[in-house]
Amino acid sequence: MANPDPEAVAQEVFAALADPSRRAILASLASGGPATATDLAARLPITRQAIAKHLGLLSEAGLVMAEPGERRRVRYRVDTASMKVAQQFLSALARDWDGPLAALREHLG
């Protein structure tokens, strides 16, 4: 993905983050470092199978990256690239709104 469409990336990120279980998985990876689905199941009140499904969706959204580990175990870590694109999208959207809102405030004030 050389030059991703910021709106499309943001849409995937927001869809992935809409689920509280996926947010909990991301928070656990951010605070505890790379982990396998089994490790995450021990930390969270979510089954290993559900975690594996959520990790797939988080990976598709570019929020986690799979790393091959020992004995064919896959460890996941947070990948911030897509999150940064989504933040830039929100910042641009906020800038687009700041001007008209300031003008409206001045007009009403």
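An account of the accompanying structure is given in this report.

**Notes on the side chain of Ser28**
Here comes step 1: Mapped onto the fold, Ser28 is located in helix H2 (residues 20-32).
Here comes step 2: Within the local environment of Ser28, its side chain forms a polar contact with the side chain of Arg43, the two groups lying 2.9 Å apart.
Here comes step 3: Sequence-distant contacts of Ser28, defined by excluding residues within four places in its chain, comprise Gly33, Leu40, Arg43 and Leu44.

**As for a nonpolar patch on the surface**
Here comes step 1: A contiguous nonpolar patch, built from Phe14, Leu90 and Leu93 and spanning about 240 Å² of accessible area, is present on the exposed surface.
Here comes step 2: The topology assignment puts Phe14 in helix H1 (residues 6-17).

**Quick word on the environment of Arg22**
Here comes step 1: Position of Arg22 among the secondary structure elements: in helix H2.
Here comes step 2: Separated by 59 residues in the primary sequence, Arg22 and Ala81 place their C-alpha atoms 17 Å from one another.
Here comes step 3: Discounting chain neighbours no more than four positions away, the residues touching Arg22 are Ala15, Ala16, His54, Leu57 and Leu58.

**With respect to the nonpolar core**
Here comes step 1: Ile25, Leu29 and Leu55 are the most contacted members of the largest nonpolar core, which has 21 residues in total.
Here comes step 2: Every element with two or more residues in this core is listed here: H1, H2, helix H3 (37-43), helix H4 (48-60) and helix H5 (81-108).
Here comes step 3: Counting residues per element, this core draws most heavily on H1, which supplies four residues.
Here comes step 4: Once you skip the residues sitting within four places of it in the chain, Leu55 turns out to touch Ile25, Leu29, Ala37, Leu40, Val64 and Tyr76.

**Details of H1**
Here comes step 1: End to end, H1 covers 16 Å across 12 residues, agreeing with the expected 16 Å (1.5 Å per residue, within 8%).
Here comes step 2: Residues Val9, Ala10, Val13 and Ala16 constitute the buried set of H1. The buried residues of H1 occupy an angular sector of 130° when the element is viewed end-on, so they sit on one face.

**Observations concerning the pairing of strand E1 (residues 64-68)**
Look at any regular strand and the pattern is simple: side chains alternate between the two faces of the sheet.
Here comes step 1: Strand direction decides the pairing type here: E1 and strand E2 (residues 74-78), joined by five bridges, are antiparallel. Following the sheet pairing, Ala66 is matched in E2 by Tyr76.
Here comes step 2: Where E1 folds back on E2, the antiparallel hairpin that results is connected by five residues, among which Arg71 adopts a positive phi of roughly 50°.

**Description of H4**
Here comes step 1: When the terminal C-alpha atoms of H4 are compared, their 18 Å separation across 13 residues agrees well with the 18 Å that a helix rising 1.5 Å per residue should span.
Here comes step 2: For H4, the complete set of buried residues consists of Ile51, His54, Leu55 and Leu58. One face of H4 carries all of its buried residues, which in axial projection span an arc of 105°. Exposed residues pointing more than 90 degrees away from the buried face of H4 are listed as Gln49, Lys53 and Glu60.
Here comes step 3: On its buried side, H4 packs onto H1, H2, H3, E1 and E2.

Calculation criteria
- Residues numbered from 1 in each chain as written.
- Predicted model: local features only at pLDDT ≥ 70, side-chain atom pairs only at ≥ 80, totals over all residues.
- Heavy atoms only, no water.
- Helix = DSSP H or I, 4+ residues; strand = E, 2+ residues; numbered from the N terminus.
- Polar contact = N/O pair within 3.5 Å; in protein donor to acceptor, adjacent residues only side chain to side chain.
- Contact = heavy atoms within 4.5 Å.
- Patch = residues over 30% accessible without salt bridge, like charges linked within 9 Å, V, L, I, M, F, W, Y side chains within 5 Å.
- Areas by Shrake-Rupley, 256 points an atom, 1.4 Å probe, with all protein chains shown as cover.
- Salt bridge = Lys/Arg side-chain N within 4 Å of Asp/Glu carboxyl O.
- Core = buried A, V, L, I, M, F, W, Y, C linked by side-chain atoms within 4.5 Å.
- Buried < 20%, exposed > 50% of the residue type's maximum accessible area, 1.4 Å probe, protein only.
- Expected span 1.5 Å × (residues − 1).
- Arc of directions from axis to C-beta.
- Pairing = 2+ DSSP bridges.

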